[in-house]
Amino acid sequence: MFRFTGIVCLFACVLQTRSQAHSDHHHPASAQVAVLHSQPLLSQALRLKEALSYLGSPMAPEDEKALDALRDHAPGAAVSEQIQKILDPYCLFSVDINPEGRVKVDRGAAMARMIQGGWTSFLVKVKNEAGVTAEMQLESPNTLSPVHQASWSHVVEPEHVISAGQVANRFLEAQLYTRRPLHPHLTGFVLEYAVVQFYSKESGPREAEIGFNVGLGSQDIGFRNSVHVLFDIRPSVKVKFAVQDDDGKPVMGSFIITDSVERVPGRLSGIYPLPSRRVPAFDEYPDFFFQRQIYRRDNEHVLLPPGRYYVTYTRGPEYVVQYKTITIPEGVDSITIPFRLKRWINMAALGWHSGDHHVHASGCAHYDSPAEGVPPDAMWRQVQGEDLNVSALLTWGPSWYHQKQYFSGRKDNPLSDKRNIIRYDVEVSGFPSSHSGHIVLLNLKEDDYPGAKTVEEWPSWTGPVLQWAKSQGAVTGYAHSGWGLEPSTPLAGTYDIPNYVLPKMNGIGANEYVVTVTQGLVDIYSLGNTPAIWELNMWYHTLNSGFRVRASGETDFPCITDMRVGLARSYFKSPNKTISYDSYIDALKKGRSYVSVGHSHIMDFSANGLEVGTKDSELRLSGPRQVAFTADIAAYLEPVSPDEPKEARFKDQSFWSVEWSRIGETRTARAELIINGVPVDTVVIQADGSIQPVTFNYKVERSCWAAIRIWGSAHTNPIFITVNNQPIKEKRSAEWCLNALEQCWKKKEPNIRPAELEAAAKTYDAARKIYQELIKRAED
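Caption draft 1: Inspection of the sheet that holds strand S5 (residues 137-139) at higher detail. On the basis of which strands lie adjacent, the open sheet formed by four strands has the order S3-S9-S8-S5 and mixed pairing. A single partner strand is all that each edge strand has here, and the edge strands are strand S3 (113-115) and S5. In this sheet, adjacent strand axes meet at a mean angle of 40° when their direction is disregarded.

Caption draft 2: View of the state of the cysteines. Within the structure shown, the criterion is met by one disulfide. The partner cysteine of Cys 364 in its disulfide is Cys 559, sulfur to sulfur 2.0 Å. On the S-S bond that ties Cys 364 to Cys 559, the torsion sits near 95°, and the link is right-handed. With Cys 364 in the loop between strand S18 (352-359) and helix H5 (376-385) and Cys 559 in the loop between strand S24 (550-553) and strand S25 (569-573), the pair connects residues that are 195 residues apart, well separated along the chain.

Caption draft 3: A look at the packing of helix H9 (residues 532-544) against helix H11 (residues 731-748). Contact geometry for H9 and H11: axes closest at 8 Å, N-to-C directions at 120°. With respect to each other, H9 and H11 are oriented oblique. You can see that H9 and H11 cross each other, and the crossing is left-handed. Residues Asn 537, Met 538, His 541, Thr 542 and Asn 544 of H9 touch H11, and the partners they reach there are Ser 733, Trp 736 and Cys 737. Split by residue class, the contact of H9 with H11 holds three nonpolar, five polar and no charged.

Caption draft 4: Structural detail: the pattern of salt bridges. Inspection of every chain in the model, using the stated rule, returns 32 salt bridges. A salt bridge links Asp 586 to Arg 592; the nearest nitrogen and oxygen atoms lie 3.2 Å apart. Here Arg 592 falls in the buried class, since its relative accessible area comes to 10%. The salt bridge partner of Glu 672 is Arg 709, with a shortest N-O separation of 2.7 Å. One end of the pair, Glu 672, is in strand S31 (residues 668-675); the other, Arg 709, is in strand S34 (residues 704-710), with 37 residues separating them in the sequence. On the basis of relative accessible area, Glu 672 is assigned to the buried category, the value being 15%. When its relative accessible area of 3% is taken as the criterion, Arg 709 is described as buried. Among the ionic contacts, a cluster of salt bridges with common partners joins Lys 49, Glu 50, Asp 68 and Arg 71.

Caption draft 5: Geometry of helix H1 (residues 39-54). Here H1 spans 23 Å end to end across 16 residues, near enough to the 22 Å set by a 1.5 Å rise per residue. Tucked inside the fold, the buried residues of H1 contact helix H2 (61-69), helix H3 (77-87), strand S4 (119-128), strand S6 (172-177) and strand S7 (191-200).

Caption draft 6: Examining the pairing of strand S21 (residues 439-442) more closely. Judged by which residues are buried, S21 turns out to be covered on both faces: Ile 439 and Leu 441 on one side and Val 440 and Leu 442 on the other are all buried. In this structure, strand S20 (residues 421-428) lies alongside S21, joined through three bridges in antiparallel fashion. When the sheet's bridge partners are listed, Val 428 is paired in S21 with Ile 439. With four bridges connecting them, S21 and strand S22 (residues 475-478) associate as antiparallel partners.

Caption draft 7: Structural detail: unusual backbone geometry. With an omega dihedral of -15°, the bond running from Tyr 272 to Pro 273 counts as a cis peptide bond. Along the chain, the position of Pro 273 falls in the loop between strand S12 (271-272) and strand S13 (294-297). For the bond running from Ile 497 to Pro 498, omega is -10°, close enough to zero to count as cis. Tracing the backbone through its elements, the reader meets Pro 498 in the loop between S22 and helix H8 (513-516). Positive phi, close to 55°, is recorded for Cys 364, a residue that is not glycine. Residue Cys 364 is classed as partly exposed on the basis of its relative accessible area of 31%. Although it is not a glycine, Met 505 sits at a positive phi angle of roughly 55°. Considering the arrangement of structural elements, one finds Met 505 in the loop between S22 and H8. For Met 505, a relative accessible area of 0% puts it in the buried group.

Caption draft 8: Main features of the packing of aromatic side chains. Under the criterion given, the structure shown has 37 aromatic pairs. For the pair Tyr 571 and Tyr 594, a centre-to-centre distance of 5.6 Å together with 15° between the ring planes defines the contact as stacked. One end of the pair, Tyr 571, is in strand S25; the other, Tyr 594, is in strand S26 (residues 593-596), and 23 residues separate them in sequence. By relative accessible area, which is 0% here, Tyr 571 ends up buried. Every member of this aromatic cluster is reached through a ring pair, and the members are Tyr 478, Tyr 513, Tyr 525, Trp 539, Tyr 540 and Trp 705. The ring of Phe 720 is capped by Arg 548, whose NZ or CZ atom sits 4.4 Å from the centre of that ring. Sitting above the plane of the Tyr 500 ring, Arg 732 keeps its charged end 3.7 Å from the centroid.

Caption draft 9: Structural context of helix H12 (residues 754-779). Taking 1.5 Å per residue as the helical rise, H12 with its 26 residues ought to reach 38 Å, and the 38 Å between its terminal C-alpha atoms agrees with that figure. Of the positions making up H12, those classed as buried are Glu 756, Ala 760, Thr 763, Tyr 764, Ala 767, Arg 768, Tyr 771, Leu 774 and Ile 775. On its buried face, H12 is in contact with H8 and H11.

Caption draft 10: Molecular detail of the environment of Arg 340. You can see Arg 340 is positioned in strand S17 (residues 334-340). Through-space distance from the C-alpha of Arg 340 to that of Gly 253 is 9.5 Å; in sequence the pair is 87 residues apart. For Arg 340, the side chain forms a polar contact with the main-chain oxygen of Asp 246, separated by 3.0 Å.

Caption draft 11: Focus on the nonpolar core. Among the nonpolar cores identified, the biggest contains 94 residues, and Leu 441, Tyr 513, Val 514, Trp 539, Phe 629 and Ile 721 are the most heavily contacted of them. Excluding its chain neighbours within four sequence positions, the residues that come into contact with Leu 441 are Asp 425, Val 426, Val 428, Val 465, Leu 466, Trp 468, Ala 469, Val 475 and Thr 476.

Caption draft 12: Highlighting the side chain of Thr 668. Position of Thr 668 relative to the elements: it lies in strand S31. Of the polar contacts made by the side chain of Thr 668, one reaches the side chain of Thr 666; its length is 2.6 Å. In contact with Thr 668, not counting residues within four places along its chain, are Leu 637, Ser 661, Arg 662, Ile 663, Val 684, Ile 685, Gln 686 and Ala 687.

Caption draft 13: View of the packing of H1 against H2. At a minimum axis separation of 10 Å, H1 and H2 run at an interaxial angle of 145°. Every pair of crossing elements has a handedness; the one defined by H1 and H2 is left-handed. Contacts between H1 and H2 involve Leu 42, Ala 45, Leu 46 and Lys 49 from the former and Glu 64, Leu 67 and Asp 68 from the latter. Grouping the amino acids of the contact of H1 with H2 by side-chain chemistry returns four nonpolar, no polar and three charged.

What counts and how
- Throughout this document, residue positions are counted from 1 along each chain, in the order its sequence is written.
- Whole-chain, interface and lining totals are the exception, using all residues; otherwise, since this is a predicted model, local features are given only for residues with pLDDT of at least 70 and side-chain atom pairs are given and counted only at 80 or more.
- Only heavy atoms go into the side-chain values, all of them from the structure, while hydrogens and water stay out.
- One bridge is not enough; two strands pair if DSSP finds at least two bridges between them.
- Per the convention used, a helix needs a DSSP run of H or I reaching at least four residues, while a strand needs a run of E reaching at least two, with both numbered from the N terminus.
- Structural elements are reduced to axes, namely lines fitted to C-alpha atoms, with helices fitted over the stretch in contact, and the angle between N-to-C directions of any two is expressed from 0 to 180 degrees.
- Note on disulfides: each one is a pair of cysteine sulfur atoms within 2.5 Å.
- For classification purposes, angles smaller than 35 degrees are called roughly parallel, those larger than 145 roughly antiparallel, those between 65 and 115 roughly perpendicular, and all remaining angles oblique.
- Crossing handedness follows the turn of the near helix against the far one: under a right angle anticlockwise gives a left-handed crossing, and clockwise gives a right-handed one.
- Contact definition: two residues touch when any of their heavy atoms are within 4.5 Å.
- Under this grouping Gly is polar, as are all residues other than the nonpolar Ala, Val, Leu, Ile, Met, Phe, Trp, Tyr, Cys and Pro and the charged Asp, Glu, Lys and Arg.
- In the sections that follow, a salt bridge refers to a side-chain nitrogen of Lys or Arg positioned within 4 Å of a carboxyl oxygen of Asp or Glu.
- A 1.4 Å probe rolled over the protein chains alone gives each residue an accessible area, and that area as a share of the maximum for its type sets the label: buried under 20%, exposed over 50%, partly exposed in between.
- Expected helix span is computed as 1.5 Å times (number of residues minus one).
- Ring pairs are drawn from Phe, Tyr and Trp, using the six-membered ring of Trp, whenever the two centres fall within 6.5 Å, and their geometry is named by plane angle: stacked under 30 degrees, edge-to-face over 60, tilted for the rest.
- Charges are assigned to positions over rings by a cutoff of 6 Å between ring centre and Lys NZ or Arg CZ, combined with an angular limit of 35 degrees from the ring normal.
- For this analysis, a polar contact is any N or O atom pair within 3.5 Å, provided that within protein one partner can donate a hydrogen and the other can accept it, and provided that sequence-adjacent residues contribute only side-chain to side-chain pairs.
- Think of a nonpolar core as a cluster: buried Ala, Val, Leu, Ile, Met, Phe, Trp, Tyr and Cys residues, connected wherever their side-chain atoms sit within 4.5 Å.

In short, geometric facts, not functional conclusions.
Structure representation (structure tokens):
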């Protein structure tokens, strides 16, 4: 199914269904147009169906099925007749363009019903005898601001400001929708359909004059290029949300409001406020058009027409997803609906706080052309609504010059409070070095690379950028690690790690990491938003080679995922039990944290009483010895519905998910003890939300690193166990790293600037020698 990423605005639209077709004889349905070649018309009709579904205005199910069935019919006049019979009842207007290019407008069959505070969609039937391929324009003296073709800006310029006396006659916003999969211009085919949308903040009967043209001079004579339409605008109700946390305190929650439980899964139709009409810059609440959910705190509201709605509500992964049916009555101005949230675990009360080091306020899903993005308050609501304690908002290439105004150099954004913190830092993405891997730079003092006045002047490989960031005390790491680390040949098993297959090194993840890790330039390794087997394999091999980079959870919202911030996150311990950006950064650097999707937790991981993240995470042994590995583990899996296919459980997940850990159809999961990347012991835990202490006893014979993981759901940072002062020696891992380095140079060298090539080659050569020494040491 296609994907939209444009700026669109405001609230819900409801396409007039066949059962609402206008029956007044003064406004009959458009006459049939003789079309011999039906294939172009059917193709456009199917695109219309998809577009209307996205816009929240789906056709009646029987009409969608009827259109789909026409795919199997031989093209011809009979198919064209059937298409018109299906679409004409949805048409509010019929536009005829005669052979001279003159435009005449008539009323269509659809009833002119609208919803106050919401967008309503209709079809326009266009008979194009002139073969015109220009943009069709809509015009009306009743609009509040000039009509824009698919710009959705609706900003009233000073010269367009209207007086109070004009408001009564200017009640309407009108728009022809021409974004994908539709076209901004007419096709020139003899018959096609367009989508027109109306919005009104008024209610009651309102008449508007609506006209169409295809350019200057195309209007027909005798006032025939416009019609007068009497709209019946039903009032909406202000629905206030009384949102309480499970302790009774007011809080921000996440809500998905639908008008039916019968909708096709994955579609955005029937969702309120309509996603395609949300514009953070102009709306009262900065809801995002690419999300199903909205975020509302206690006493905030949403406008809904009278009717029955189904609300899914929660607040991040530590909360249980709940459901409520609400009925909005007619004849009232406002009502209040209570929502009491319910936790399955409270990590903050246990001394653990969550952070996501990779969130964007611009680019990707935010805008088609990400020049500015959204302001801090829009992201602040996301962080609160997902119960994410710390969020690093990373300014990057496409939005660099606008978003960098929010960078404050080791200072939290003023919106931050004691429970939720946002701070602006940097992702080097969309910069000359991006081909070698995107890198995250946290806790920066300065965000401009020395001597670089533009993005294009930054270095063309990652080494110099990491050195500069480290020189100012920043914490560094690679983003979305798995991109480019896909094995070059298929693996034997789904969970075959560590494996020794050469990675492709053709992406923007932790590619050049295999080089810079040898220079001590990398603090954290990102996990959670690319396939676990790709991510973990590289990290495991470098740990096996003796490097001690810690893992950190990230989302890359709204790029890799636009669903929610904090889908993958780190849970960290703060020494003084308070939340701060500094304590988060310190915990990441020391490994006093674990990566999780929030539905499973591995707390207080220890080896013989040494807790991870303390004393450099190093346990020293004088010889081989039995070691007790302990942790408190909790996981939450919803009971499996017998009618739900397993694939459906992953529909709202990133690449990591608690579902990966489920054993069969049960509500249990496996926790594994990992030694040098290999599972050596397993326990089965109940994934019912209870906290369960686990102990693994394992005899450590030689120096190694140890961790506990719940596959694809949670992973601790490593504890390093040194036996007889010997380093970790895994020859095959060092060999893999050396081969990966050679592959990386082969792929990245062509994109490094000639002036920087010598320095890059020297660094690669130095790394090469380090791996060769590690291989030799492992042989001794």
